[in-house]
Amino acid sequence: MKKYNIIRPIMLIVVALLTKSLVTNLCMLLGMESELAKTMGFGAMVIAALVVFSRNRRSPK
């Protein structure tokens, strides 16, 4: 069994939450409604989490 790395899940959570916050605030600054901005932020959060997860799953060559 491989040694467990605690940094990877923490990095995944931090990147996802920061992406959601950034996209939501940016959309609201550009004049988007609050609910639509939150939805856009959630979508960006999911995409960012998938990207970070897939990059962490790759084994170094």
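Note that residues are indexed from 1 along each chain, following the sequence as it is written. Only residues with pLDDT of 70 or above have their local features reported here, since the model is predicted, and side-chain atom pairs are shown and tallied only from 80 upward, although totals for entire chains, interfaces and linings are computed over all residues. Computation of side-chain values: all heavy atoms of the structure, hydrogens and water removed.

Quick notes on the overall build of the protein
Here comes step 1: Only DSSP runs of H or I with at least four residues qualify as helices, and only runs of E with at least two residues qualify as strands; both kinds are numbered from the N terminus onward. Per the secondary structure count, the protein includes two helices and zero strands.
Here comes step 2: Restricting the calculation to C-alpha atoms gives the radius of gyration, and the globule rule supplies 2.2 Å times the number of residues raised to the power 0.38. For 61 residues, the compact-globule estimate of 2.2 N^0.38 gives 10 Å, and the protein exceeds it by more than 25% at 15 Å.
Here comes step 3: When each of the 61 residues of the protein is scored for burial, the buried share is 15%.
Here comes step 4: Of the roughly 5,400 Å² that the protein leaves accessible, carbon and sulfur atoms contribute 69%. Only protein chains enter the accessibility calculation, which uses a 1.4 Å probe. A residue is then buried if its area is under 20% of the maximum for its type, exposed if over 50%, and partly exposed in between. Note on areas: these come from Shrake-Rupley sampling with a 1.4 Å probe, and a residue is covered only by the protein chains present in the view.

A closer look at a nonpolar patch on the surface
Here comes step 1: Exposure above 30% relative accessible area and no salt bridge define the residues that can form patches, which grow by joining like charges within 9 Å and nonpolar side chains of Val, Leu, Ile, Met, Phe, Trp and Tyr within 5 Å. What counts as a salt bridge is simple: a side-chain nitrogen of Lys or Arg found within 4 Å of a carboxyl oxygen of Asp or Glu. Together, Tyr-4, Ile-6, Ile-7, Ile-10, Met-11, Val-14 and Leu-18 make up a nonpolar patch on the protein surface, roughly 720 Å² of accessible area in all.
Here comes step 2: Relative to the assigned elements, Met-11 resides in helix α1 (residues 7-29).
Here comes step 3: Looking at Met-11, the relative accessible area reads 40%, which means it is partly exposed.

What about the environment of Thr-39?
Here comes step 1: The topology assignment puts Thr-39 in helix α2 (residues 34-57).
Here comes step 2: With a relative accessible area of 51%, Thr-39 lands in the exposed category.

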